[in-house]
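What the coordinates show
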Amino acid sequence: MKLPTESIDRIIEMAWEDRTTFDSIKFQFGLKEQEVISLMRREMKPSSFKMWRKRVQGRSTKHEKLRVFQKGRFKCIRQKQITQNKISKR
């Protein structure tokens, strides 16, 4: 699957965010967790990838089923509205 550079950049950004789940990435881009890991390995420097894997491994916020809260989503007040990975204008 060939993704545009903008999509790859956004996937990497979402993967680094603590509260963005792999399920959210799958919903927006159709990539499973293992495919995200492969993309990160391919697109990042080895040291950055190792740091990301260490950070993400076992983190419950990256997996929807392991989260403690059930309702609602965290959203920073400074975050722009994102709908299906398109940033809407205010």
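Our subject in this report is the structure included herewith. Worth saying up front: this structure is predicted, and the values here are computed from it rather than measured.

This brings us to the environment of Thr21. Residue placement: Thr21 occurs in the loop between helix H1 (5–16) and helix H2 (22–29). According to the relative accessible area criterion, Thr21 is buried, its value standing at 1%. Separated by 38 residues in sequence, Thr21 and Arg59 have C-alpha atoms that sit 10.0 Å apart. Looking at Thr21, its side chain comes within polar contact range of the side chain of Ser24, at 3.0 Å.

With that out of the way, let us pick up the environment of Ile12. Structurally, the position occupied by Ile12 is in helix H1. Once the C-alpha coordinates of Ile12 and Met44 are considered, the two residues, 32 residues apart in sequence, prove to be 8.9 Å apart. When residues no more than four places from it in sequence are discounted, the contact partners of Ile12 are Leu39, Met40 and Glu43.

In this section: helix H3 (residues 33–43). Buried within H3 we find Val36, Ile37, Leu39 and Met40. The buried side chains of H3 occupy one side of the element, clustering within an arc of 160° when seen end-on. Turned more than 90 degrees away from the buried face of H3, the exposed residues are Gln34 and Arg42. Check the buried side of H3 and you find it contacts H1, H2 and helix H4 (46–56).

Attention shifts here to the packing of H3 against H4. Relative orientation of the contacting elements H3 and H4 amounts to 150°, with a least axis distance of 8 Å. With respect to each other, H3 and H4 are oriented roughly antiparallel. Where H3 crosses over H4, the two elements pack in a sense that is right-handed. When H3 is examined against H4, the residues Ile37, Met40 and Arg41 are found in contact with a partner set consisting of Phe49, Trp52 and Arg53. Of the residues in the contact of H3 with H4, the class split is four nonpolar, no polar and two charged.

A few words on the packing of aromatic side chains. Considering all chains together, one arrives at one aromatic pair under this definition. Aromatic side chains Phe49 and Trp52 sit 6.0 Å apart centroid to centroid with 40° between the ring planes, which places their arrangement in the tilted category. Of this pair, Phe49 and Trp52 both sit in helix H4, separated by three residues, roughly a single helical turn. Look at Phe49 and you get buried, because its relative accessible area is 9%. In this structure Trp52 comes out as buried when scored by relative accessible area, which is 0%.

Within H2, burial applies to Phe22, Ile25 and Phe29. The arc enclosing the buried residues of H2, seen along the axis, measures out at 55°, which places them on a common side. The inward-facing, buried residues of H2 abut H1, H3 and H4. Once H2 finishes, Gly30 follows within two positions and takes phi at roughly 80°, a positive value.

Calculation criteria
Just so you know, the residues in each chain are numbered from 1, in the order the chain's sequence is written. Only residues with pLDDT of at least 70 get local features here, since the model is predicted, and only at 80 or more are side-chain atom pairs given and counted; chain-wide, interface and lining totals rely on the full set of residues. With hydrogens and water set aside, each side-chain value is computed from the structure's full complement of heavy atoms. By the criteria applied, helices consist of DSSP H or I runs no shorter than four residues and strands consist of E runs no shorter than two, each listed in order from the N terminus. Classification of residues uses two cut-offs on accessible area relative to the type maximum, computed with a 1.4 Å probe and protein chains only: under 20% is buried, over 50% is exposed, and between them is partly exposed. Polar contact is the term for a pair of N or O atoms within 3.5 Å; when the atoms are in protein, one must be able to donate a hydrogen and the other to accept it, and sequence-neighboring residues count only if both atoms are side-chain atoms. Any two residues whose heavy atoms approach within 4.5 Å at even a single point are treated as in contact. It is the directions from the helix axis to the C-beta atoms whose arc is reported. Between N-to-C directions, angles span 0 to 180 degrees; the directions come from axes that are lines fitted to C-alpha atoms, helices contributing only their stretch in contact. Should an angle fall under 35 degrees it is called roughly parallel, over 145 degrees roughly antiparallel, and 65 to 115 degrees roughly perpendicular, with every other angle called oblique. For any pair of crossing helices, the crossing counts as left-handed if the nearer helix is rotated counterclockwise from the farther one by less than a right angle, and right-handed if it is rotated clockwise. When residue character is reported, Ala, Val, Leu, Ile, Met, Phe, Trp, Tyr, Cys and Pro are called nonpolar, Asp, Glu, Lys and Arg charged, and the others, Gly included, polar. Planes of paired rings set the category: under 30 degrees apart is stacked, over 60 is edge-to-face and the rest tilted, where pairs are Phe, Tyr or Trp rings (Trp by its six-membered ring) whose centres lie within 6.5 Å.

Coordinates in, geometry out; function isn't part of it.
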